[in-house]
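The primary structure of each chain is shown beneath.
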Amino acid sequence: MQTKVLEGYLEVLRDLEFLIQEQKFAFLKKEGEKSLDSFHFSWLEINHEPNKTKPKKIFPSSNKEKNVVCQLCPDRQIPIKNFFHKGILPILILHYTAEFRKNQKTTFKSDKSILKNPETEDILNRLLYKVFSKTLPNFYFQEYPACIFNQNTSEGVDWKNRVENCWTLVEDTILKEKIQGIILTGGAAVLKYGLERAKELTGIIQELTIHSKKIPIVVLRSPDALLSLEKKRKQYEKNKNSLEYQKAREEEQEIKQSTLDYMFLFKKRLGL
């Protein structure tokens, strides 16, 4: 129990470090309150003279991830932790663990996670292993978009600009890591194509040209959607003869099997 508390405390400190470095705090001064500049601490020597070397940051950053230094979207709230996972198999899976739907709760994954939670990682891991005989960590993963935004004040044009900006990070990964194929899932696919178009493109292998290089790309159902189907079926497991259970089971099997079929076709297209 103590270990979990300490790990949670460490996560809070890491978030605090980033907020301090990025100056994301809004300092509000009440009436009659002294200005921050009016306080003097004799033990803290800071040189305010012009053309002098600036003091080092209290928390020097060791995070070199591209979404931290990217400045293309000024309205972002915070970069997503562990937004890029380096794999071995040259397949890049684009996903979005943050929230883009209005009035929905934003979730924050830990800096050790690839997807939103262990359950979604488990279900995708099972599917990938059935097709590629490789586990989830062997694939490349990247958040798309790579940052968290205020979904309640965001409109379609805002998301359109963000995914266009963030595509530069995707292209950079493709070129640097010699990616041969892209799987686009869930929210990432919806934000890039729109909900209806993403549904139409599900399972269809397209081809993108990136710096004269042709890259196959396929849209698949998100691990979150597949997990939801599993949970729905398990709700009725106590009565396996019920119509509700049969329908939930059939729906889960149908969508999982179609996802596997699309994956097998994609693997064949890549020649892996």
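Keep in mind that what you see is a predicted model, and the values were worked out from it rather than measured.

Digging into the packing of aromatic side chains
Part 1 of the argument: Overall, the coordinates contain six aromatic pairs when judged by the stated rule.
Part 2 of the argument: Taking 6.4 Å as the distance between ring centres and 45° as the angle between the ring planes, the aromatic pair formed by Phe-83 and Phe-84 counts as tilted. Residue Phe-83 shares its accessibility class with Phe-84, and that shared class is buried.
Part 3 of the argument: A centroid spacing of 6.2 Å and a plane angle of 35° characterise the contact between Phe-84 and Tyr-140, whose relative ring orientation is tilted. Here Tyr-140 lies in strand β4 (residues 139-143) and Phe-84 lies in strand β2 (residues 84-85), a separation of 56 residues in the sequence.
Part 4 of the argument: The class of Phe-84 is buried, set by a relative accessible area of 19%.
Part 5 of the argument: Grouping aromatic residues by their ring pairs yields a cluster made of Phe-83, Phe-84 and Tyr-140.
Part 6 of the argument: For Lys-66, the ring lying beneath its charged end belongs to Phe-84, and the centroid distance is 5.8 Å.
Part 7 of the argument: A cation sits over an aromatic face here: Lys-192 above Trp-167, 4.1 Å from the ring centre.

A word on the environment of Asn-138
Part 1 of the argument: With respect to the element layout, Asn-138 can be found in the loop between α3 (118-132) and β4.
Part 2 of the argument: Classification of Asn-138 as buried rests on a relative accessible area of 18%.
Part 3 of the argument: When the C-alpha atoms of Asn-138 and Leu-89 are compared, they prove to be 5.8 Å apart, with 49 residues separating the residues in sequence.
Part 4 of the argument: For Asn-138, the side chain forms a polar contact with the side chain of Thr-135, separated by 2.9 Å.

Details of the pattern of salt bridges
Two side chains of opposite charge can pair, provided their charged atoms sit close to one another.
Part 1 of the argument: Counting across every chain of the model gives 18 salt bridges.
Part 2 of the argument: A salt bridge links Arg-101 to Glu-99, with the nearest nitrogen and oxygen atoms 2.8 Å apart.
Part 3 of the argument: Notably, a salt bridge pairs Lys-116 with Asp-224, separated by 3.7 Å at the nearest N-O pair. In this pair, Lys-116 is assigned in the loop between β3 (89-95) and α3 and Asp-224 in helix α7 (residues 223-235), connecting sequence segments 108 residues apart.

A short note on the layout of surface pockets
A probe matching the size of a water molecule, rolled over the atoms, marks out where space remains unfilled.
Part 1 of the argument: The computed volume of the second largest pocket comes to approximately 670 Å³.
Part 2 of the argument: Surrounding the second largest pocket, 29 residues form its lining, Gly-186, Gly-187, Val-190, Ser-222 and Ala-225 being those nearest its centre.
Part 3 of the argument: Of all the elements in the fold, those that place two or more residues in the lining of the second largest pocket are β3, α3, α5 (186-193), α6 (195-201), β8 (213-220) and α7.
Part 4 of the argument: Counting residues per element, the lining of the second largest pocket draws most heavily on α5, which supplies four residues.
Part 5 of the argument: In the lining of the second largest pocket, the residues fall into 15 nonpolar, eight polar and six charged.

Remarks on empty space enclosed by the protein
Part 1 of the argument: As enumerated under the stated definition, the model contains two cavities of 30 Å³ or more in all.
Part 2 of the argument: By volume, the largest cavity amounts to about 100 Å³.
Part 3 of the argument: Looking at the largest cavity, it is lined by 13 residues, and the ones nearest its centre are Cys-70, Cys-73, Ala-146, Cys-147 and Cys-166.
Part 4 of the argument: Sorting elements by how many residues they give to the lining of the largest cavity places helix α4 (residues 156-177) first, with four residues.

Conventions we followed
- Residues numbered from 1 in each chain as written.
- Predicted model: local features only at pLDDT ≥ 70, side-chain atom pairs only at ≥ 80, totals over all residues.
- Heavy atoms only, no water.
- Phe/Tyr/Trp six-rings, centres within 6.5 Å; stacked < 30°, edge-to-face > 60°.
- Buried < 20%, exposed > 50% of the residue type's maximum accessible area, 1.4 Å probe, protein only.
- Helix = DSSP H or I, 4+ residues; strand = E, 2+ residues; numbered from the N terminus.
- Lys NZ or Arg CZ within 6 Å of the ring centre and 35° of its normal.
- Polar contact = N/O pair within 3.5 Å; in protein donor to acceptor, adjacent residues only side chain to side chain.
- Salt bridge = Lys/Arg side-chain N within 4 Å of Asp/Glu carboxyl O.
- 1 Å grid on protein atoms, 1.4 Å probe; cavity = no way out; pocket = protein on both sides within 12 Å on 5 of 7 lines; lining within 4 Å.
- Points joined across faces, edges and corners; volume = space filled by probe spheres on them.
- Nonpolar A, V, L, I, M, F, W, Y, C, P; charged D, E, K, R; others polar.

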